[in-house]
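Descriptive analysis of the structure
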Amino acid sequence: MARLSYRDAAGVLRDFPIKGRVSIGRHPDQDIQILDRVVSKAHCAIELVNGRYSVRDVGSRNGTYVNGIRISARRPLGNDDEMTVGSTRLKFIEDAPEDSLMTRVTFHDQVDGSIRSKVSGEFEQGFLPENQIRDTAILRRDYEKLRIANELQEEIGFDLDSDNLLAKILDKAFEIFPADRGVILMHNANLETFVPKVYKSRHAGEAEGQSIRISQTILQEVVEEKSAVLSHDAMSDERFSGSHSIILEGIKSTVSVPLLYEEALLGVIHLDSQNALGAFSEKDLQILAGFARQAAINIQHSRLLKKMEEELAVRANLQRLLSPQLIDQVVNGQIEIQQGWEERETTMLFADIRGFTSMSERMPAQGIVSLLNNYFEVMVDVIFGHQGTLDKFVGDEIMALWGAPVDVEDCEIRATSCALAMRDALGQLNELRRMEFEIAVESGTIPPDSEFELLQIGIGINTGRVIAGYIGSSKSLSYTVIGDPVNTASRLCSTAEPGEIIVGRSTYEKVKDLYNVVALPKRQLKGKAEAVEIFKVVGRLRGDEGVVNHTEETMQRLKGLAGGEIAQAAILPTGEAWQVPRKERGFTDVATDAIDVSAGWPKRGWKPDD
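Residues numbered from 1 in each chain as written. Predicted model: local features only at pLDDT ≥ 70, side-chain atom pairs only at ≥ 80, totals over all residues. Heavy atoms only, no water.

As a further point, take the packing of aromatic side chains. All told, the structure shown has five aromatic pairs when counted by the stated rule. Centroid distance Tyr375 to Phe376: 5.5 Å. Interplanar angle 50°. Geometry classified as tilted. Assessed through its relative accessible area of 1%, Tyr375 is described here as buried. The class for Phe376 is buried, based on a relative accessible area of 10%. For the pair Tyr508 and Phe535, a centre-to-centre distance of 4.0 Å together with 5° between the ring planes defines the contact as stacked. One end of the pair, Tyr508, is in helix α13 (residues 505-511); the other, Phe535, is in strand β26 (residues 532-540), and 27 residues separate them in sequence. Look at Tyr508 and you get buried, because its relative accessible area is 18%. Taken together, the ring pairs connect Tyr375, Phe376 and Phe393 into an aromatic cluster. (Phe/Tyr/Trp six-rings, centres within 6.5 Å; stacked < 30°, edge-to-face > 60°. Buried < 20%, exposed > 50% of the residue type's maximum accessible area, 1.4 Å probe, protein only. Helix = DSSP H or I, 4+ residues; strand = E, 2+ residues; numbered from the N terminus.)

Listed below in structure tokens is the structure:
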């Protein structure tokens, strides 16, 4: 039995049993009515196709999503798949195939516990070298193994749908071996048992009416010894003489082979015959064993491909938020992103280009887009280098987070160091832009009386308890943080002069012993009832007074932001210093500082140009 579990408009949890076709939409005629303005009258439908339920969008305006991905064609549904229709989430719960198969595949535990003998005619694990083959029978057997493995690979390939893959494997087994019935059991690590996944009967109409009884005696032999079991007559085989389950069923021949991938037991292929004494031969056992090994490889590869597909989907969702290092930790399970909304201690950084509105009026739209893309490329690189989370771009403003959606140590310190690095990187970008500008003037590309537009930014940083999570509609969700500390950080950015880094009291308390921070007069911030304490970060508290060191690695990060020859001209040999006058780099103060930057950006220090 399959069903949909969801909460209706009143918040009541409902279970809707699926029988045949189920229509979902806003119209009252739909089987499941969802009262949501973004849901179409007829939105999607769940249908039974080839014995399996799938969902299909029926031309809705805003689309149907399965596990967060919008579907463009019929999409098979698996147990626990989550559909999103408008703002409603519907979980697909399917008792089949395991529960329904248990009515046709049963196990019996009246076994002789002393049975531990090896299977007669135990198969070999590999192929002999050509110069060691003395018997043509071995050569024929090995050829047959290769032929079967090749056919199996060509027909089933790597199907990401595990149920389809297992069904294809069992179908192929029936083509090769004289079985009346067959079942594939897969190991369930959570239940520490084997559960039937696919069942097949050679005789039409028998699949629903007849059951197959699997002896725990035979299964135990296969699992514990990881070897194949062949019985010419299961009722008379002395190894299983104490097993009532075999006698009850009256089968005359069985073959059970483990699905082994390296040393891991993935499952068991079990075939039986009721019509012929000795239906399976020793050769069948050997060939089926090779068949099972190839099938196990396909199953494992399919699992790995599906895992890779899932990881790629996770990375695609996270790559706009997190640095590559943090994404790796999330995918590997080292850190966890909580679902839904949660309260977190977070440091927010806002950076805004000063005078951008008037600059936009003087520049063509294409030039503005190019300028912003280059600027964002550099700034995001710096943010990710400090393990920050990119929250969003708002026009020319950047919002970054530390402490959400993942925990990061020393959030205030990382954010402050990042702000200093952003200011420094902007100076480098301005120098490259100035070089392009001068060459363009000399070449006559732009008028000789044109003025160079220097980019200058103001930065605001604040720390506090915020609510973090995804916000938006079901079609467009974005991760963000909400709360008064966020608004304060934005206001601090607005009050910062060009080149200034302004932090709030909460951030100041964590960085005051590491940075040269100057207290400024209290300011009345927009939306605040009272004036707020603010502090300006000047630099680190250390005696490093060297000039800015632009190594080749640093410049390579900016190489693509200028024309080929221009960028190349800006790259100096590693270790050489390129001193840039402070006033030309967008800074307004003259205090000495040194900036430590992680993740590939070298240490830089600079002093005022006398």
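This part covers the side chain of Thr347. Locating Thr347 in the fold gives a position in strand β19 (residues 342-353). A polar contact of 2.9 Å, which involves the side chain of Thr347, links it to the side chain of Thr463. In this structure, Thr347 is in contact with Ala400, Leu401, Trp402, Cys411, Glu412, Ala415, Ile461, Asn462 and Thr463, ignoring residues within four places of it in sequence. (Polar contact = N/O pair within 3.5 Å; in protein donor to acceptor, adjacent residues only side chain to side chain. Contact = heavy atoms within 4.5 Å.)

This next bit is on the packing of helix α10 (residues 365-385) against helix α11 (residues 411-443). At a closest axis distance of 9 Å, the pairing of α10 and α11 adopts a crossing angle of 145°. Seen from above, α10 lies across α11 with right-handed handedness. Here Leu371, Asn374, Tyr375, Val378, Met379, Val382 and Ile383 of α10 lie close against α11, whose contacting residues are Cys418, Ala421, Met422, Ala425, Leu426, Leu429 and Arg433. Across the contact of α10 with α11, the residue classes tally to 12 nonpolar, one polar and one charged. (Axes fitted to C-alpha atoms, helices over the stretch in contact; angles between N-to-C directions. Left-handed = near helix turned anticlockwise from the far one by under 90°. Nonpolar A, V, L, I, M, F, W, Y, C, P; charged D, E, K, R; others polar.)

For the rest of this paragraph, the subject is a nonpolar patch on the surface. Residues Trp341, Ile467, Ile471 and Ile482 make up a contiguous nonpolar surface patch of roughly 350 Å² in combined accessible area. Here Ile482 lies in strand β23 (residues 477-482). Assessed through its relative accessible area of 42%, Ile482 is described here as partly exposed. (Patch = residues over 30% accessible without salt bridge, like charges linked within 9 Å, V, L, I, M, F, W, Y side chains within 5 Å. Areas by Shrake-Rupley, 256 points an atom, 1.4 Å probe, with all protein chains shown as cover. Salt bridge = Lys/Arg side-chain N within 4 Å of Asp/Glu carboxyl O.)

With 33 residues, α11 extends 47 Å from end C-alpha to end C-alpha; this agrees with the ideal 48 Å at 1.5 Å per step. Here α11 lies mainly inside the structure; 24 of its 33 residues are buried. At the exit of α11 stands Gly444, carrying a positive phi of roughly 80°. (Expected span 1.5 Å × (residues − 1).)

This part covers helix α5 (residues 216-225). Within the span of α5, buried status applies to Thr217, Ile218, Leu219, Glu221 and Val222. Looking one or two residues past α5, Lys226 carries a phi angle of roughly 50°, positive in sign.

Take the pattern of salt bridges next. Using the criterion set out here, one finds 22 salt bridges in the structure. A salt bridge links Lys200 to Asp171, with the nearest nitrogen and oxygen atoms 3.3 Å apart. Of this pair, Lys200 sits in strand β14 (residues 193-201) while Asp171 is found in helix α3 (residues 162-176), placing the two residues 29 residues apart along the sequence. Take Lys200: its relative accessible area is 27%, and that puts it in the partly exposed class.

The amide bond that connects Ala404 to the next residue, Pro405, takes the cis arrangement and shows omega of 0°. Mapped onto the elements of the fold, Pro405 is located in the loop between β21 (397-402) and α11. You will see that Lys226, though not glycine, has its phi angle at about 50°, which is positive. Its location among the elements puts Lys226 in the loop between α5 and β16 (229-231). Residue Lys226 is classed as partly exposed on the basis of its relative accessible area, which comes to 33%. Positive phi, normally seen in glycine, also occurs at Glu262, with a value near 55°. With a relative accessible area of 66%, Glu262 lands in the exposed category.

Taken in spatial order, the five strands of this open sheet run β4-β3-β5-β6-β9, and their pairing is mixed. Two strands close off the open sheet at either side, each with one partner strand: β4 (32-33) and β9 (75-76). As judged from the two bridges shared by strand β3 (residues 22-25) and β4, these two strands associate in the parallel manner. Within β4, the residue paired with Ile24 across the bridge is Ile32. (Pairing = 2+ DSSP bridges.)

Quick look at the sheet that holds β14 now. One open sheet accounts for five strands, arranged β14-β13-β18-β17-β16; its pairing is antiparallel. The sheet is open, and its two borders are formed by β14 and β16, each paired with just one other strand. Within the sheet, the average angular offset between the axes of one strand and its neighbour, ignoring direction, is 15°. Two elements, β16 and strand β17 (residues 253-261), share three bridges in a ladder whose sense is antiparallel. The residue bridging Leu230 from the neighbouring strand is Val255, located in β17. The sheet strands contacting α3 are β13 (181-188), β14 and β18 (264-273), and the helix crosses β14 at an angle near 55°. Strand contacts of α5: β13, β14, β16, β17 and β18, with the helix running at about 30° to β17, the strand carrying the most contacts.

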